[in-house]
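# Report on the structure
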Amino acid sequence: MESTIALLRLLDFQTFDSLWYWMAVMVTFAVASNWLLGVPFDVLFRARKLDAPHLADLEALVDVNVRRIVEINAYLGVAITIMVAFSLSVLVVLSIFYRVELAQGLLALAAPLTLIMVMNMRLAHQLNAVPLHGRDLVQRLFRVRLWTQVVSMIALFFTAMYGMYAVISAQYSF
């Protein structure tokens, strides 16, 4: 009986006091800052030295992914925007008005990821309009990666602060 209770506590669907939620948050933001425009960070890191083969790999990957993102946005941009706006609106309503903890946790995860997605799409459209090569491309990608990490760190900080508040207030509410 105790092992069943321990297993149920491990798989608990409470958001802010669940180990699974915090692991998902950390993995999600780590992946978001590791992949920029569909290009893994190790490719960008190796191309930083401006070695010809690594730089050619980076430029090829960026070119393919920029075209892919721009084409998907041309066909499905409005539909994706509507779905994301609707989903965020539902999460906001459930979080603020109904105080659903799962919705609060998902909103804390989805809102910064939406901002990161917008930054990546904006970069893709800019690189499609004015392609960059060599050092300029590497610097631009590193700058966007830095801003992705800044957004991730701020989101992690506020999620942790709100999570602590939610757990403490749930324990002491009568």
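Rules of the game
Residues numbered from 1 in each chain as written. Predicted model: local features only at pLDDT ≥ 70, side-chain atom pairs only at ≥ 80, totals over all residues. Heavy atoms only, no water. Core = buried A, V, L, I, M, F, W, Y, C linked by side-chain atoms within 4.5 Å. Buried < 20%, exposed > 50% of the residue type's maximum accessible area, 1.4 Å probe, protein only. Helix = DSSP H or I, 4+ residues; strand = E, 2+ residues; numbered from the N terminus. Contact = heavy atoms within 4.5 Å. Expected span 1.5 Å × (residues − 1). Bend = angle between axes of the 7 residues up to and from the residue.

By size, the foremost hydrophobic cluster in this structure holds 20 residues, and its most contacted members are Leu 37, Leu 58, Val 62, Val 66, Leu 127 and Leu 141. Of all the secondary structure elements, the ones that give two or more residues to this core are α3 (41-47), α4 (52-96), α5 (101-129) and α6 (134-171). Among the elements that make up this core, the one with the highest residue count is α4 (six residues). Each residue touching Leu 37, except ones within four places of it in the same chain, is listed here: Asn 65, Val 66, Ile 69, Asn 120, Leu 123, Ala 124, Leu 127 and Leu 141. Residues Val 25, Leu 109, Ile 116 and Val 151 belong to the second largest nonpolar core, which totals 11 residues.

For the rest of this paragraph, the subject is α4. Over its 45 residues, α4 extends only 52 Å from the first C-alpha to the last, a length that falls short of the 66 Å expected when each residue adds 1.5 Å. Of all bends in α4, the biggest is about 75°, found at Leu 76. Leu 55, Leu 58, Val 62, Asn 65, Val 66, Ile 69, Val 70, Gly 77, Leu 91 and Ser 95 are the residues of α4 that are buried. Looking at the buried side of α4, the elements it contacts are β2 (39-40), α3, α5 and α6.

Worth remembering: the numbers are spatial, not functional.
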